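Remarks on the overall topology
This is what each chain is made of:
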Amino acid sequence: MTTIQSQTAQSDAAGPPVTGNPILRIWNNKEARSVIFQILTIVGLFAFLAYIGTNAVANLERLGKTFSFDFLGVPASYDINQHLIEYTSQSTHARAAVVGLLNTLLVAVCGVITASILGFIFGVLRLSHNWLINRIVYVFIEFTRNVPVLLHILLIHGLVIHSLPHPRQAISLWDEIFFTNRGFYIPKPDFQEAFMFTVIAFIAGVVGFIIFKRWARKQQEATGRIYPVFWVGLAAIVGLPVLAYIVTGAPIEWETPKLGRFNLRGGLVVIPEFLALWLALSLYTSAFIAEIVRAGILSVSHGQWEASMALGMKRSRTLNLIIIPQALRVIVPPLTSQYLNLTKNSSLAIAIGYMDIVATLGGISLMQTGKEMETMMMVLAIYLVISLVISMFMNWYNQRIKLVER
Amino acid sequence: MASETATQKYEPGTHPDMKPPVLTSGPVYWLKENLFGSITSTILTLLAVYLLYLIIPPLFNWAVLDATVNAASRTECQQAGDGACWAFIKDRFLLLVYGFYPIEERWRVNLSFILLLVAIAAILWDAMPARRHFVKFSVAYPFVAAYLLLGGEWFGVPTGLEEVTTDQFGGIMLTVVIGITGISISLPIGIVLALGRIGNLPAVRVVCVMFIEFIRGVPLITLLFVASTMLTYFLPPGTEFNLLLRVLIMVTLFASAYMAEVIRGGLQAIPKGQYEAADSMGLKYWQAMRLIILPQALKISIPGIVNTFIGLYKDTTLVVVIGLLDPLGIAKSSLADNRWQGLSNEMYIFIALFFFICCFSMSRYSLYLENKLHTGHKR
């Protein structure tokens, strides 16, 4: 309180600004001052950019380096342990970067999906009336989110590497799936031509479902009759492709891994690095999503439940039509930043040797070519674009579910 | 049943005793209500008990009953029992705490840690005796700590302490140095950025938005890589720049962008009337901000600010990627030791516990503060 009084006293004592001095007069004019301040900011910014620009040019010259992206066409001559597209050590740096980018995107997409599912489950369980379940989930969430994600990654990686058996003593499920310290071996699907019909059936199912949903909605608005949209959707999207698959004679041949002399052969290998990164990112982010979901559901006032019950709606319909749409409005914005965080955290891959974009372009390519500026700029630009795309998509979704007021 | 009792007539005083009401307190009621309330609840409870049975006893056996505390190597541990080998942690404990700080100078780390506790207490504990004087010390603390930890010559003036170079910093001490520096500097920078972003100077706003969105759009790792590989290019030729200092700058800038967004949320939640009231009182911009707007805005953004602090503290682990020896860096080099190879679980669990204790207490404090500062109506 005393500070406030002394403050006002001081500003009173300063009195009205001196009007005689023209410079002071300009300085005391609010508009003029804001223009001056902005000009100073711009000038300062450009001076700073010019300063670091000239320094960079001087330094590059001193080291005899040029600023060019020619290195992208040179063979990379290093191996990448997981490549979704064709890649050998003879491929170019540009291709290595693409392989890295695809690895980043793969782990990010997988992570976002599992983190969302787990997060929603944990968030709902956290609201359970069952005391034991509630406490277990609480302890799990607090432990998970208060430990750095890098430690999760290293811990899970260590567990896979040190605690799972060597391929020769692999733990197997029905002799189809093998858990070893070199990764998980799963059967590899080999798609044959007839599989096309299943894909067509799937697309037809999705299209049919969308049309049916629109029609059902119009019918409901017109007549009040409610159609079983969920079951029809399930039948169209899952049932139809399964039917097509069976009718065309199961056109996928599974190549199961076989135990060789030293290692497992064949099948699809999920490398331990991917596994550790994926699991760690999913668990870590799911703890945050769980708290977001919990807060979202709690934010819907209890009166909404009561009102819906009073209208005679079933519990499931209340959830679907009343509670979840309102909760989503609270949930989606923070969920966006969790998705962004997960994508950015996938750059920690480098700590365990998963070859993502930072490890390929910003790591080995940088070391081999000595192009620090170019590679780092590319990596930064790629992450900026990914972030931008995710936020644009989530903003679009947010607009769609936003509360439409009068 | 109801109709029966309604029709039956009793003379006054002859009504038989009613049954006692159903139990509504006590452990049996609690169990029934909280664990076996419905069929689903009962199933969930049984599943949870089974899950705990699967996890807890083996974990307890591994971590406590079968664990070995005294051993000189992993093989000795394995001979003693098949549980955790805590001897490894015991062997590396001092390294994990102090890094490679010279042994005879470690009292300086201890002293600055004790002073840190005093400085933090003065800020967090508002019933502290003579708090006003201690707060002055808190402001001066960063310089005191820098003096104590670094020693050597400052601007040619000997300080009386032996010099310790920053590459000897390591372990938990390094985590705390990065964390505290980042936390204390990112808050003021974040406030300035947030004010710039919501202010009405277009040029300043554009600069602030660009800075904030750039930093938030890229992972901290890439910024640390920039600090370790590219930053020297932007400095005058021949400038030697301490790696720890570069990392500190990057971590601080990173945190301040996130801080700015949190504070912007708080600023935008302040009703327009408060700004207008401050203007009509004739307060200048900075006065209005300092006396009217920021106290309210910061108060409502406390949970977000503490979350950013926690995030920053956890992110300090990333410095291991560019070769600084934080606890994870020490862990990495310790695990490469022949005697202890393969004991990653013990090491990482120990470090995880350390971070859990720090971050969990921070989030608890934020909850407490939120409740204390909640001056509005609360149901």
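Numbering of residues starts from 1 in each chain and follows the order in which that chain's sequence is written. As they are written, the chains are lettered A onward and the ligands numbered 1 onward, keeping that order. Totals for whole chains, interfaces and linings use all residues, but because this is a predicted model, local features are given only for residues with pLDDT of at least 70 and pairs of side-chain atoms are given and counted only at 80 or more.

1. Overview of the overall build of chain B
Labels follow the DSSP assignment, with helices taken as runs of H or I lasting at least four residues and strands as runs of E lasting at least two, numbered in each case from the N terminus. Helices and strands together make up the secondary structure of chain B, namely 16 helices and two strands. Computed over the C-alpha atoms, the radius of gyration of chain B is 29 Å, more than 25% above the 21 Å expected from 2.2 N^0.38 for a compact globule of 379 residues. Overall, the C-alpha framework of chain B stretches about 105 × 80 × 45 Å when taken along its three principal axes. To assign burial, the other C-beta atoms lying within 10 Å of each residue's own C-beta are counted, with C-beta atoms placed from the backbone; 20 or more indicates buried, 12 or fewer indicates exposed, and intermediate counts indicate partly exposed. Sorting the 379 residues of chain B into buried and exposed places 31% on the buried side. The globule rule used for comparison is 2.2 Å times the number of residues to the exponent 0.38, while the radius of gyration itself is calculated over C-alpha atoms.

2. Side note on the overall build of chain A
Looking only at helices and strands, chain A features 13 helices and eight strands. Expressed as a percentage of the 406 residues in chain A, the buried residues total 30%. Distance between backbone-placed C-beta atoms decides contact: two residues are in contact if it is within 7 Å. Relative to all contacts within chain A whose residues are 6 or more apart in sequence, the contacts with residues 24 or more apart total 68%.

3. Some words on the interface of chain A and chain B
On the side of chain B, 44 residues touch chain A, which itself brings 50 residues to the contact. For the side of chain A that touches chain B, the elements supplying multiple residues, two or more each, are helix H1 (2–14), helix H3 (30–63), helix H5 (131–145), helix H6 (149–163), helix H12 (357–369) and helix H13 (372–401) of chain A. With 12 residues, H3 of chain A is the largest single contributor of residues to the side of chain A that touches chain B. Broken down by class, the residue content of the side of chain A that touches chain B amounts to 31 nonpolar, 15 polar and four charged. Residue polarity is assigned by list, with Asp, Glu, Lys and Arg as charged and Ala, Val, Leu, Ile, Met, Phe, Trp, Tyr, Cys and Pro as nonpolar; anything else, Gly included, falls into the polar class.

4. Notes on the pairing of strand S3 (residues 183–186) of chain A
Each regular strand carries side chains that alternate between the two faces of the sheet. Residues and elements named next belong to chain A. Strand pairing is assigned whenever DSSP identifies at least 2 bridges connecting the two strands. The pairing of strand S2 (residues 177–180) with S3 spans three bridges and is antiparallel. Within S3, the residue paired with Thr180 across the bridge is Gly183. Hairpin connection from S2 to S3: two residues lie between these consecutive antiparallel strands. The pairing of S3 with strand S8 (residues 268–270) spans three bridges and is classified as antiparallel. Note on S8: the bridge partner recorded for Ile186 is Leu268.

5. Notes on the domain arrangement of chain A
A domain assignment, automatic or from a database, supplies the domain bounds used here. As assigned here, chain A comprises domain 1 (18–63) and domain 2 (93–162 + 272–401). For domain 1 of chain A versus domain 2 of chain A, the separation of C-alpha centres amounts to 41 Å.

6. Some thoughts on helix H14 (residues 302–315) of chain B
All names here are of chain B. With 14 residues, H14 should cover 20 Å at 1.5 Å per step; its first-to-last C-alpha distance of 20 Å lies within 8% of that length. For H14, the set of buried residues is Ile305, Val306, Thr308, Phe309, Ile310, Leu312, Tyr313, Lys314 and Asp315. Here the buried face of H14 lies against helix H8 (171–198), helix H10 (220–230), helix H11 (243–269) and helix H16 (344–373). To estimate how far a helix should reach, multiply one less than its number of residues by 1.5 Å.

7. With respect to the packing of helix H10 (residues 302–310) of chain A against helix H11 (residues 315–345) of chain A
Residue and element names in this part refer to chain A. Contact geometry for H10 and H11: axes closest at 10 Å, N-to-C directions at 155°. Our classification of the angle between H10 and H11 gives roughly antiparallel. Crossing handedness for the pair H10 and H11: right-handed. Here Gln304, Trp305, Ser308 and Met309 of H10 come into contact with H11, specifically with Thr318, Ile322, Ile323 and Gln326. Taken together, the residues of the contact of H10 with H11 sort by class into four nonpolar, four polar and no charged. For helices, the axis comes from a line fit to the C-alpha atoms of the stretch in contact; other axes are also lines fit to C-alpha atoms, and the angle between any two N-to-C directions lies between 0 and 180 degrees. Note on angle classes: values under 35 degrees are labelled roughly parallel, values over 145 roughly antiparallel, values of 65 to 115 roughly perpendicular, and the remainder oblique. Should the near helix be turned anticlockwise from the far one by less than a right angle, the crossing is left-handed, and should it be turned clockwise, the crossing is right-handed.

8. Observations regarding the environment of Ile185 of chain B
Summarising the element assignment, Ile185 of chain B is placed in helix H8. Sequence separation between Ile185 of chain B and Leu248 of chain B is 63 residues, and the spatial gap between their C-alpha atoms is 9.9 Å.

9. A closer look at the packing of H8 of chain B against H11 of chain B
All names here are of chain B. At a minimum axis distance of 6 Å, the contact between H8 and H11 shows a crossing angle of 45°. With respect to their mutual orientation, H8 and H11 come out oblique. As H8 runs across H11, the sense of the crossing is right-handed. A class-by-class count of the residues in the contact of H8 with H11 yields 16 nonpolar, seven polar and two charged.

10. Some remarks on the nonpolar core
Core analysis: the biggest nonpolar cluster contains 143 residues, and Ile153 and Leu277 of chain A together with Met173 and Leu224 of chain B have the highest contact counts within it. Not counting residues within four places of it along the chain, the set of residues in contact with Met173 of chain B comprises Val97, Tyr98, Gly99, Tyr101 and Val109 of chain B. Linking buried Ala, Val, Leu, Ile, Met, Phe, Trp, Tyr and Cys residues through C-beta atoms within 7 Å yields a set, and such a set is a nonpolar core.

11. Points about the environment of Leu149 of chain B
Residues and elements named next belong to chain B. Relative to the assigned elements, Leu149 resides in helix H7 (residues 131–150). Each C-alpha atom of the pair Leu149 and Arg246 lies 18 Å from the other, and the pair is 97 residues apart in sequence. Setting aside anything within four residues of it in sequence, one finds Leu149 in contact with Arg108, Val109, Ser112 and Val164.

12. Section: the confidence of the model for chain B
Residues and elements named next belong to chain B. On average, residues of chain B score 83 in pLDDT, and 97% of them are at 70 or above. pLDDT: the predictor's confidence for each residue, scored from 0 to 100. At the low end of the mean pLDDT range in chain B sits helix H1 (residues 2–7), at 52; at the high end sits H8, at 90. Listed scores for the predicted complex are pTM 0.82 and ipTM 0.83.

13. What to know about the confidence of the model for chain A
The pLDDT averaged across chain A works out to 80; a share of 88% of its residues lies at or above 70. In this model, residues 1–15 of chain A is a region of pLDDT below 50 whose contacts with residues beyond four sequence positions or in other chains number four contacts.

14. A word on the environment of Ile330 of chain B
All names here are of chain B. Structurally, Ile330 is set in helix H15 (residues 327–335). Sequence separation between Ile330 and Ile89 is 241 residues; the distance between their C-alpha atoms is 11 Å. Excluding residues within four positions of it along the chain, Ile330 makes contact with Arg92, Leu95, Leu96, Gly99, Gly170, Gly171 and Leu325.

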